[in-house]
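So you can see what is in the structure, the chains are spelled out below.
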Amino acid sequence: VWPMRKVLEADAFKLGGLELHASRSKSGVIDWIDYVDQINKAFPADENETKTPWSVKIKDVALEDIALDWSDFAPKEAYRAHVSGINLYSQNLSRDPKTLFNAKTHFGALELNRLADGRVIAGFEGVNVEGIVLDRDAKRATVQSLQIHGINTALKRLKNGTIDLEQLIYTSKEPDKE
């Protein structure tokens with residue numbers, strides 16, 4: 001790492017056991033975005049800081065045993081989504097858009113629960129994605145294989161034969177047009 005030159009080069013980067021939590025309020029505000037806005041206001045950009053971006057090159061990246069937890073209070077039916085056992089392995093992490101990014105990932109169980117009573121809405125036991133190649137220069141991504149295991153759902157069909165997902169979906173309000 002050469003901070004004065006804004007250069008980060010490494011043979012490997014490994015992170016394990018990270019658990020991220022985020023939520024959206026009834027008004028539609030996502031807590032992490034609100035926190036970042038507060039930090040940016042508290043620490044404004046230094047006008048003397050160089051605008052040159054960091055050069056980043058990491059040969060092997062391993063993110064292991066990651067968990068994500070999302071609570072959403074904005075829809076009519078508040079819910080929680082939790083996924084654990086996320087592993088992501090990649091090669092050639094770089095800011096250079098001409099460098100291909102190769103990866104594979106595995107997700108453990110995902111469960112979507114209503115917050116009112118804890119009832120399971122949907123989930124799966126695992127997902128494997130192999131042979132991911134991102135070509136940022138060509139704006140193209142390919143995946144060699146995708147496997148989803150143990151899908152389950154507890155959605156109910158309405159009298160007219162449709163499935164009502166509207167209670168689980170939140171759309172922000174558009175400003176009134178003058």
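Along every chain, residues carry numbers that run from 1 in the direction the sequence is written. Owing to the predicted nature of the model, reporting of local features is limited to residues with pLDDT of at least 70; listing and counting of side-chain atom pairs is limited to 80 or more, with chain, interface and lining totals taken over all residues. Note that water and hydrogens are dropped before the side-chain values are worked out from all heavy atoms of the structure.

Caption draft 1: Spotlight on the overall build of the chain. Helix and strand content of the chain: one helix and 11 strands. Segments assigned H or I by DSSP are reported as helices when at least four residues long, segments assigned E as strands when at least two residues long, and all are numbered from the N terminus. When its helices and strands are written in sequence order, the chain yields β-β-α-β-β-β-β-β-β-β-β-β. In terms of overall size, the chain is more extended than a compact globule, its C-alpha atoms giving a radius of gyration of 21 Å where 178 residues would be expected to give roughly 16 Å. Buried residues are those whose accessible area, probed at 1.4 Å on protein chains only, stays under 20% of the maximum for their type, while exposed residues exceed 50% and partly exposed ones sit between those limits. Residues counted as buried form 24% of the 178 residues belonging to the chain. For this analysis, residues touch if any pair of their heavy atoms sits within 4.5 Å. Expressed as a percentage of contacts within the chain between residues at least 6 apart in sequence, the contacts between residues at least 24 apart total 57%. Of the accessible surface of the chain, which amounts to about 13000 Å², a share of 56% is contributed by carbon and sulfur atoms. The reference for a compact globule is 2.2 Å times residues^0.38; the radius of gyration itself is calculated from the C-alpha atoms. The accessible surface values rely on the Shrake-Rupley method and a 1.4 Å probe; as for residues, cover is taken only from the protein chains in view.

Caption draft 2: Representation of the pattern of salt bridges. A carboxyl oxygen of Asp or Glu within 4 Å of a side-chain nitrogen of Lys or Arg is what we treat as a salt bridge. Applying the stated criterion across every chain yields a total of eight salt bridges. Residues Asp-117 and Arg-114 are paired through a salt bridge, measuring 2.6 Å at the closest nitrogen-oxygen approach. Looking at Asp-117, the relative accessible area reads 45%, which means it is partly exposed. A residue is classified by how much of its surface remains accessible, and Arg-114, at 17% relative accessible area, is buried. Each of Glu-77, Arg-114 and Asp-117 takes part in a single network of salt bridges with overlapping partners.

Caption draft 3: Layout of unusual backbone geometry. Of note in this structure, Asp-65 is not a glycine but carries a positive phi near 55°. Here Asp-65 shows up in strand S3 (residues 55–72). At Lys-139, a residue that is not glycine, the phi angle is positive and equals roughly 55°.

Caption draft 4: Highlighting the confidence of the model for the chain. The pLDDT value tells you how sure the predictor is about a given residue, anywhere from 0 up to 100. Looking at the chain, the pLDDT average stands at 88 and 92% of residues meet or exceed 70. For the chain, strand S11 (residues 152–153) is the element with the lowest average pLDDT, namely 84, and strand S8 (residues 126–135) is the one with the highest, namely 96.

Caption draft 5: Representation of the environment of Thr-50 within the structure. Looking at the secondary structure, you find Thr-50 in the loop between helix H1 (31–42) and S3. Along the backbone, Thr-50 and Lys-6 are 44 residues apart, and their C-alpha atoms lie at a distance of 9.7 Å.

Caption draft 6: Representation of the nonpolar core within the structure. Core analysis: the biggest nonpolar cluster contains six residues, these being Phe-101, Ala-103, Phe-124, Val-127, Val-129 and Ile-132. Among the secondary structure elements, those contributing two or more residues to this core are strand S5 (101–107) and S8. A per-element tally of this core places S8 first, with three residues. In this structure, Phe-124 is in contact with Phe-107, Gly-108, Ala-109, Leu-110, Ile-148, His-149, Gly-150, Ile-151 and Asn-152, ignoring residues within four places of it in sequence. Here, nonpolar core means buried Ala, Val, Leu, Ile, Met, Phe, Trp, Tyr and Cys residues that are tied together by side-chain atoms lying within 4.5 Å of each other.

Caption draft 7: The arrangement of the pairing of S5 in detail. Strands are treated as partners if at least two bridges between them are detected by DSSP. Alignment of strand S4 (residues 79–94) against S5, held across five bridges, turns out to be antiparallel. Note that in S5 the partner of Gln-91 across the bridge is Asn-102.

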